[in-house]
Amino acid sequence: MKLLFKRKSGGSAGQVDLDRLPRHIAIILDGNGRWAQRRGLPRTAGHKAGAETFRTIATYCRDIGLEYLTVYAFSTENWKRSRDEVSTIMALLKKYLLEAIETMERDNVRLRFMGDLAPLDQELRDLIAQCNAISERLTGCLCSICINYGGRAEIVHAAARFAEDCRIGLMRPEELTEAGFEAYLYSAGIPSPELLIRPGGEQRLSNFLLWQCAYAEFYFTPVLWPDFTKEELHRAIAAYQHRDRRFGGVKK
Ligand code: FPP
C-alpha cells in the first residue's frame, strides 16, 4: 500500500492509498467569482486564477496516475453572464488549448470535449479539433472538459441519436440496455466517475453528469476553486477511500 499524504492533524482520514485511487474524478470548478470579489477584483480575475488551478490539479492528477479527469468549465446556463465574463472564459479556454497542443504529446495527456460545441466560435472549435486529432495518437490520462454542457441536454441528445438509429433500422427499441445507452452519451467509452468534487460551498450537482454520477461519491468543500490545492485533492480522495460503497447491496 503506497501512502501519499498524512494530515498534520493525524489519523487515517488524511491518508491516500495510491493503490486504491478512483479511476475517474469529476470536478465542478466553482467559486471563481467569489474568490475575486473577496479580493476586490473583477470576476474575470477569478476565472484567470481558476484556470491556473486547473493546470496545477490536472497535471497533478496525471502525475499520481489518475486515468480520467472531467471538469465542468462552462454550462449551458453560463451564457447568461455578462459578455465580458463569457469572453474571458472563452479566451482562457483558447489559451489553455493552445498550450495543450504544444504539450499534450510530451505529457501523454488526452483531451476530450463534452457538450454542444456548435455555438462556440470557429477559432475555439478549430483548437478543439486539433486537440482531438492529437489525442487519437495518445494513450495517457484522459481529461474531459465540459463546455456548453448540460446533463439533461446530454441525455436528450443521446435519446435523439438512439431514436434516429432506430428510424434508420440500425437499432430496435427493445434492444436498448443501460450500457447500450451510455454509448450515445458524450462520455461514451469513459467509466463513470467514482468521485465528484464540488468546491465553492454549494452542495448540488447543477446539471453536471446526471447519468454518470448515479453511484458517484460526493465531496463538497467550502474552499473556492482558485484556492483548491493538491492537499485538498488528497483530502477528497482520502474521504472517498473511507466511504462504504455498496451499490444498493449489503456489506459482506
Ligand atoms: C464557476 O465559478 C466557474 C466558471 C463558470 C468558469 C470556469 C472556467 C475556468 C476556470 C476557465 C478556464 C477553464 C479551463 C478548463 C482551462 P463561478 O464564477 O460561478 O463562481 P461563483 O459561484 O463564486 O460566482
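Up top is the structure these notes are about.
These figures come from a predicted structure and were not determined experimentally.

**Concerning the packing of aromatic side chains**
Then, in step 1: Across all of its chains, the model carries ten aromatic pairs by this definition.
Then, in step 2: Relative to Phe 208, the ring of Tyr 149 has its centre 6.0 Å away and its plane inclined at 85°; by these criteria the two rings are edge-to-face. Taken together, the residues span a long stretch of sequence, with Tyr 149 in strand S4 (residues 142-149) and Phe 208 in the loop between strand S5 (195-198) and strand S6 (217-220) at a distance of 59 residues.
Then, in step 3: For Tyr 149, a relative accessible area of 0% corresponds to the buried category.
Then, in step 4: Residue Phe 208 is classed as buried on the basis of its relative accessible area, which comes to 0%.
Then, in step 5: Aromatic pair Phe 218 and Phe 220: ring centres 5.9 Å apart, planes at 85°, arrangement edge-to-face.
Then, in step 6: By relative accessible area, which is 27% here, Phe 218 ends up partly exposed.
Then, in step 7: Connected via pairs of aromatic rings, a cluster forms that spans Tyr 72, Tyr 149, Tyr 186 and Phe 208.

**Notes on helix H5 (residues 151-167)**
Then, in step 1: Look at H5: 24 Å from first C-alpha to last across 17 residues, which is about the 24 Å you get at 1.5 Å a residue.
Then, in step 2: Within H5, burial applies to Gly 151, Glu 154, Ala 158, Phe 162, Asp 165 and Cys 166. The buried residues of H5 all sit within an arc of 120° when viewed along its axis, so they share a single face. Residues of H5 that are exposed and point over 90 degrees away from its buried face: Arg 152, Val 156 and Arg 167.
Then, in step 3: In this fold, the buried residues of H5 make contact with S4 and helix H6 (178-182).

What counts and what doesn't
- Note that residues are indexed from 1 along each chain, following the sequence as it is written.
- Selection of residues for local features in this predicted model requires a pLDDT of at least 70, selection of side-chain atom pairs for listing and counting requires 80 or more, and totals for whole chains, interfaces and linings are taken over all residues.
- Calculation of side-chain values draws on the structure's entire complement of heavy atoms; hydrogens and water are dropped beforehand.
- Any two rings among Phe, Tyr and Trp, with Trp reduced to its six-membered ring, count as a pair given centres within 6.5 Å; such a pair is stacked if its planes are under 30 degrees apart, edge-to-face if over 60, and tilted if neither.
- In this text, helices come from DSSP runs of H or I with a minimum length of four residues, and strands from runs of E with a minimum of two, each type numbered from the N-terminal end.
- Only protein chains enter the accessibility calculation, which uses a 1.4 Å probe; a residue is then buried when its area is under 20% of its type maximum, exposed when over 50%, and partly exposed in between.
- Helix span is expected to be 1.5 Å times the residue number reduced by one.
- Here the arc refers to the set of directions running from the helix axis out to each C-beta atom.
- What makes two residues a contact is simply this: any of their non-hydrogen atoms within 4.5 Å.

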